[in-house]
Each structure stands twice: as C-alpha cells, then as structure tokens.
Amino acid sequence: MKYCPLCTQPLRLMSHDATQRLSCPDSACGFVFWDKPVPVVAAIVETPEGVVLAHNRAWPEGLFSVISGFLESAESPQAAIERETAEELGLTVHDAALLGLYPLPEQNQLIIAYHLRAEGSITLNEELDAFKIIPATQLGDYDFGPLTLTRRLLDDWLAA
Ligand SMILES: [Zn+2]
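Note that the coordinates shown come from a computational prediction; the quantities given were computed from them, not determined experimentally. (Residues numbered from 1 in each chain as written. Predicted model: local features only at pLDDT ≥ 70, side-chain atom pairs only at ≥ 80, totals over all residues.)

### Structural notes on the overall build of the protein chain
A tally of regular secondary structure across the protein chain gives two helices and eight strands. Traced from its N-terminal end to its C-terminal end, the protein chain shows the element sequence β-β-β-β-β-α-β-β-β-α. Over its C-alpha trace the protein chain gives a radius of gyration of 19 Å, far above what one expects of a compact globule, namely 15 Å for 160 residues. Out of the 160 residues in the protein chain, the part that is buried amounts to 25%. Across the protein chain, the fraction of contacts at a sequence separation of at least 24, relative to all contacts at a separation of at least 6, is 57%. (Helix = DSSP H or I, 4+ residues; strand = E, 2+ residues; numbered from the N terminus. Rg over C-alpha atoms; globule rule 2.2 N^0.38 Å. Buried ≥ 20, exposed ≤ 12 C-beta atoms within 10 Å, placed from the backbone. Contact = placed C-beta atoms within 7 Å.)

### Section: the domain arrangement of the protein chain
Entries for the protein chain in the domain assignment read domain 1 (1-35) and domain 2 (38-159). Computed over C-alpha atoms only, the centres of domain 1 and domain 2 are separated by 35 Å. (Domains from an automatic or database assignment.)

### Topic: the nonpolar core
A42, A43, I44, V45 and L153 are the most contacted members of the largest nonpolar core, which has 30 residues in total. The set of elements that each furnish at least two residues to this core consists of β3 (38-47), β4 (50-56), α1 (77-89), β6 (92-104), β7 (109-119) and α2 (148-159). Filtering out sequence-adjacent residues up to four positions away, I44 remains in contact with V51, V66, L99, H115, L153, L154 and W157. (Core = buried A, V, L, I, M, F, W, Y, C linked by C-beta atoms within 7 Å.)

### Focus on the pairing of β7
Sheet topology note: the β3/β7 ladder contains nine bridges and is parallel. Looking at β7, one finds that E46 is bridged to R117. As judged from the ten bridges shared by β6 and β7, these two strands associate in the antiparallel manner. When the sheet's bridge partners are listed, T92 is paired in β7 with E119. Linking two consecutive strands that pair antiparallel, namely β6 and β7, is a turn of four residues; a positive phi of about 55° is found at N108 within it. (Pairing = 2+ DSSP bridges.)

### Overview of the pairing of strand β1 (residues 12-16)
Little of β1 sits out of view: just zero of its five residues are buried. Note that β1 and strand β2 (residues 19-23) share five bridges and pair antiparallel. Looking at β2, one finds that L13 is bridged to L22. Hairpin connection, β1 to β2: the antiparallel pair is bridged by two residues, and D17 has positive phi, about 50°.

### Some thoughts on unusual backbone geometry
Positive phi, close to 50°, is recorded for D17, a residue that is not glycine. Mapping D17 onto the fold places it in the loop between β1 and β2. The phi torsion at N108 lies on the positive side, around 55°, for a residue other than glycine. Position of N108 among the secondary structure elements: in the loop between β6 and β7.

Next comes the structure, spelled out in structure tokens:
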C-alpha cells in the first residue's frame, strides 16, 4: 500500500507504539495501515488412496501443496475449507478436524489448518491444473521444496 485510501496522500513510515507503520501524514486524516494478517484455510485432504496434493496454475512447475483458500464474509473456517475442497477437487468431504494455527509472515497470513476426509473422483477447478495422491506412508519423504508450511502441516499430522 502506497497511498492513503481515505485522502490519497502518499503514506509514510511513522511510529505507533514503538512500531513503524505506513501512515497518512495528514493528522486530520489519521489513517494507519495496520497490515493485519489475512486468515487462510488449508486442509490435508485424505482419500482412501492417500493425501491429495495440488498444483496451482500460477505456481512454478513441480510444486504441489495441500488445499487452501480464503474465507467468505461470515463463513466459519470449517465451512470455508469444506467448500474450498469441494470446489477445487470436486470431492465429497467429511470429518473435518482442526489441526492447528500457523502464522505465515512472509505472506502476512494466518493459516487455519484442518485434516479432512474426502471421497469421489477428482475434478479440478480452474485454479488447479494437476494433482497427486500420495499414500500417508510416503509423505514423510516427499519433497515440498520451498513450501515449508505444507511440510510442517504434514509432519504435525503424521506425528499426531
Ligand atoms: Zn489520509
């Protein structure tokens, strides 16, 4: 964010409670860009054959991740991940269980992670162009490359 969304002046770094934040220099306006993290839901989607990993069209080739998405206004995180999984993979989902909360500061997101079970045949939506199903016993050795949060989610689930 470069400009004040209220009065359009260029924002400047100013001190608020000992933290530098982009702020409107007009004291009558007073806008502060707090840069709060965005909640994102994610799921380890387990089918009878194994865990589904998907490749987003916008990503470099070869990167596969757990399923994730954004919440709609007033939607519960569990409803959001059930909806995202159904939309992105075309599967019937059930038994969602919260796995944990994971800050992802490099994207300024808070990941709300679930494990859920799913059945059916996979039909990818327009966001995804490939998927893999990895048996749980082989996930410990799978190379997620730079997707260290996906690695962490799966390690936490496997350890549990
Ligand atoms: Zn302003």
